[in-house]
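Examination of the molecular architecture
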Amino acid sequence: MTGSSLRWKCRAAATALGFLAFAFMAGPVGAQAGSGDGFLFKAPAATLTVHGGFAQPLASGGVFSLARRELTLGRSDFASGNFGFDLTIAVAPRYEVVLGVDRSGSRTRSEYREWLDNNDLPIEQTTQLARVPITASVRYFLADRGRKVGSVAWIPARFVPFVSLGGGVMKYKFQQVGDFVDLQTLNVFGENLSTTGWAGVVQAGAGAQWSLNQRVNLTGELRYNHANGDGDKPNGDFSGYKVNLSGVSTLIGLTLRL
Amino acid sequence: MRTLLIAAVALGGSAFLSPVLAQNAPASTARGLAWVGCWEAADGIQSQGRVCVIPEGARDLRIVSFDRQDKATESTLRLTGERTPVSAEGCTGWEQARLSADGERILVDAQLQCGDSPQQTIAEAFVITPTGFWLQVRGTGIAMVANARVRLYRAVDSYASFPADIRAALAPQVQEAEYARNAISRVSARDLAELESMGVATPVIDLVVAASYPSSFVIDAEGAAAATRSTGEAMNTSSLNSNPFYWSNGFPMLSYYDLAMLENCMRLQMFSCGMGNGRYGYSVFGAGGYRDPFFGGYYGGYNGGYGQGQGIPVVVRPAAPPSDYPGNRGGGRAVSGSGYSSGSSGSSGGGTRSASPRSGNTGTSQNSGSAGASSSSGSGGSGGSASAGSSGGSSTRTAKPRTP
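Note that residues are indexed from 1 along each chain, following the sequence as it is written. Here the convention is simple: chains get letters from A, ligands get numbers from 1, in the order in which they are written. A pLDDT threshold of at least 70 governs which residues receive local features in this predicted model, and a stricter bar of 80 or more applies before side-chain atom pairs are shown or counted, although totals over entire chains, interfaces and linings include all residues.

1. Quick word on the overall build of chain A
Helix and strand definitions here come from DSSP, where helices need a minimum of 4 consecutive H or I residues and strands a minimum of 2 consecutive E residues; each element is numbered from the N-terminal end. For chain A, the count of helices and strands is two helices and eleven strands. Starting at the N terminus and ending at the C terminus, chain A contains elements arranged as α-β-α-β-β-β-β-β-β-β-β-β-β. In this scheme every C-beta is placed from the backbone, and a residue whose C-beta has 20 or more other C-beta atoms within 10 Å is buried, one with 12 or fewer is exposed, and one in between is partly exposed. With 258 residues in all, chain A has 43% of them scored as buried. Two residues qualify as being in contact provided that their C-beta atoms, derived from the backbone, are within 7 Å of each other. Taking the contacts inside chain A whose residues are at least 6 apart along the sequence as the reference set, 70% of them involve residues at least 24 apart.

Structure follows, in structure tokens:
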């Protein structure tokens, strides 16, 4: 088993365990004080969401054009699972402020499309992309999240769609480790190339929440992040290249009403 | 992708782990069976007599009420949902009784006009509490139901003192009724939605919720003392609580009730509407003058039977006031070298406690050089000396040395 494969399995197991732990936590909470059978004693002031899903970067332009042109990499090779948390605070009956952090990362082995070494062996390298957007956004529910019955009961709606818009920053890392070809000399050299930094991000999303019980929602969302990493420093590893960090994420998660 | 797949599997599993919105049990008590039997007051209102509920036909309940002299009056509560004209004791109007879909709540609406007085709106709910009591919730108002009061009944222990015909009518059904009471579930979102669709008034819904979740809510008998004085009824006041406005920020229903009451007072200008005197308790007809026709039994029907008392005016508030929350205490702490400290320098007033050493008397402990927990000298010893003399009032709780 390679180190990469082991890391993948560990990450997948951690993600699954995270969901299960959250589900186990959410179940008993639903039966605790502050809620009745299928309703809460007041509208929730906040929610916490644990979500996972699938992230597909646009992977175009800048370093991606270089990598996809020279190496056996396609757009789908930068797709990955993602995992994150959202904390929402209700600010109006249909509005929430969402503070979110998310992580997605791909790690893909490749080789030169056009070149072999002098032993007819492929010239291999590994390309890694990691993105961690930290965002604040406003979520607007297209229907009431629930309704008050009497003064001390709040019944959550079964299904509520929403849209969101916000922004923040994204920490990113683009790294390539392995062997490369100097197209001037055609020498093959080993190197660890990376660029990392922070970029501003604009986030838009749309999704829906499905109420599983009075405390727990199933939340699904499609998000688009628009971000561009600055070109690396003139003497950096990817001098002059931009890093297009934009992409689409599909999220599905469990939301706990607090 | 494997991450995604495993997460999806986990998520799918978690969806099953989380209980889906509870479904109500089948309507096993669709005839109001849970109320069948004989009941006696359990709320301390001594003037209340007893009442027996006997099923009659498919949807009717025969109500036989006994006053304190065991004089019986009878009426029929029709659970058909149809409006029934009411005309008695100078009051006219209608009433409408319905059974909830699961048979676990009886809802009664009525509108009455007595003489020249404005028409009164009445909404009632009969609820079996988780402990098997029968809670009768009554809301009254003019334009809308604006206040609420409750009566509480428990099933009688013995039927020996009831007339033979009633015993004979009930005998085949009492056991089944007990089963039905035990099977009643707490009010659910589905029940609330039904109540809402029926147009049940907010104060009544609140009390139905509070009765179902006694660990989360207190049915606060604010104003009960005033009612006792005014009506001459003896009442158990152990549940009286402090000013409910303390909670007005978190629970606007309190101020809502109050505003509604004030509005009625200003509009009608014919009632004694002292805001400190039964502000939640009395209907706008008030106990002082025009007696509430339902609770007073003016038209002698089923309400007159088991509603002969005035009922306890109530509001609903959460079970724990803010000062009882563990995270919001009075500043008590443990300080290295000083031991436990209440966090306040004053020691007078109700509820203040002072400490004494476990052995010896307070005088000797002072002389032994131990530091007093409330002593200003505070020399840092581990044994606390007493300041018992600082307490005041009969409610002050103090500690004393434990005898060897």
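Having put the structure on the table, let's press on.
2. Some details on the overall build of chain B
Scanning chain B from N- to C-terminus turns up nine helices and 15 strands. Sorting the 404 residues of chain B into buried and exposed places 42% on the buried side. Within chain B, contacts between residues at least 6 apart in sequence are counted, and of these 58% link residues at least 24 apart.

3. Things to note about helix α3 (residues 174–183) of chain B
Residue and element names in this part refer to chain B. Taken together, the buried positions of α3 are occupied by Ala 177, Ala 180 and Arg 181. An end-on view of α3 places all buried positions within 100 degrees of arc, on one side of the element. The exposed residues of α3 that point more than 90 degrees off its buried face are Gln 175 and Asn 182. Where α3 is buried, its residues touch β1 (37–41) and β8 (120–128). Each C-beta atom gives one direction from the helix axis, and the arc is the one those directions make.

4. Quick look at the environment of Ala153(A)
Relative to the assigned elements, Ala153(A) resides in strand β6 (residues 153–156). Apart from residues no more than four positions distant in its own chain, Ala153(A) is found in contact with Gly36(A), Phe39(A), Phe41(A), Lys148(A), Leu192(B), Ile205(B) and Val209(B).

5. Things to note about helix α5 (residues 202–212) of chain B
Counting buried positions along α5(B) yields eleven of eleven residues, so the element is predominantly enclosed. Among the residues making up α5(B), those that are buried are Thr202(B), Pro203(B), Val204(B), Ile205(B), Asp206(B), Leu207(B), Val208(B), Val209(B), Ala210(B), Ala211(B) and Ser212(B).

6. Here's the deal with the pairing of strand β3 (residues 95–116) of chain A
All names here are of chain A. As paired strands, strand β2 (residues 80–92) and β3 are joined by ten bridges and run antiparallel to one another. Among the inter-strand pairings, Asp 86 is bridged to a residue of β3, identified as Gly 100. DSSP bridges decide pairing: two strands pair if at least two such bridges lie between them. Where β2 folds back on β3, the antiparallel hairpin that results is connected by two residues. Judged from the 16 bridges that link them, β3 and strand β4 (residues 122–141) form a sheet pairing that is antiparallel. Within β4, the residue paired with Val 98 across the bridge is Ser 137. The antiparallel hairpin formed by β3 and β4 contains five residues in its connecting segment, where Asp 120 sits at a positive phi of about 65 degrees.

7. Here we look at the nonpolar core
For this analysis, nonpolar core means a set of buried Ala, Val, Leu, Ile, Met, Phe, Trp, Tyr and Cys residues linked through C-beta atoms within 7 Å. Core analysis: the largest hydrophobic core is formed by 67 residues, its most contacted members being Ala153(A), Val204(B), Leu207(B) and Val208(B). Looking at which element gives the most residues to this core, the answer is α5(B), with seven residues. Setting aside residues up to four positions removed in sequence, Val204(B) forms contacts with Ala123(B), Ala125(B), Val137(B), Gly139(B), Val145(B) and Ala148(B). One finds Ala59(A), Phe78(A), Phe174(A) and Ala227(A) within the second-largest nonpolar core, a separate group that totals 19 residues.

8. Notes on the pairing of β4(A)
It is a general feature of regular strands that their side chains alternate between the two faces of the sheet. Sheet topology places β4(A) next to strand β7 (residues 159–181) of chain A; 17 bridges connect them, and they run antiparallel. Note that in β7(A) the partner of Val138(A) across the bridge is Leu165(A).

9. Examining the confidence of the model for chain B
Residue and element names in this part refer to chain B. Per-residue confidence for chain B gives a mean pLDDT of 61; residues scoring 70 or more make up 46%. pLDDT is defined as a per-residue confidence score from the predictor, taking values between 0 and 100. Scored below 50 in pLDDT, residues 3–29 shows 67 contacts in the model against residues more than four places distant or in partner chains. A low-confidence stretch, residues 223–309 stays under pLDDT 50, and its non-local contacts, those more than four residues away or across chains, total 167 contacts. Across the predicted assembly, pTM comes out at 0.67 and ipTM at 0.76.

10. Considering the confidence of the model for chain A
With 86% of its residues at a pLDDT of 70 or more, chain A has an overall mean of 89. Least confident of the elements in chain A is helix α1 (residues 3–30) of chain A, whose mean pLDDT is 57; most confident is β4(A), at 97.

11. Concerning unusual backbone geometry
Residue and element names in this part refer to chain A. Phi is positive for Ala 59, close to 50 degrees, though the residue is something other than glycine. Note on placement: Ala 59 falls in the loop between β1 (46–57) and α2 (62–70). Even without a glycine there, the phi angle at Leu 186 is positive, about 60 degrees. Within the secondary structure, Leu 186 sits in the loop between β7 and β8 (188–211). Judged by local crowding, Leu 186 falls into the exposed class, with 9 C-beta atoms found within 10 Å.

12. Things to note about the environment of Gln136(B)
All names here are of chain B. Note on placement: Gln 136 falls in strand β9 (residues 134–141). Classification of Gln 136 by C-beta neighbours within 10 Å gives buried; the count is 25. Along the backbone, Gln 136 and Arg 151 are 15 residues apart, and their C-alpha atoms lie at a distance of 5.0 Å.

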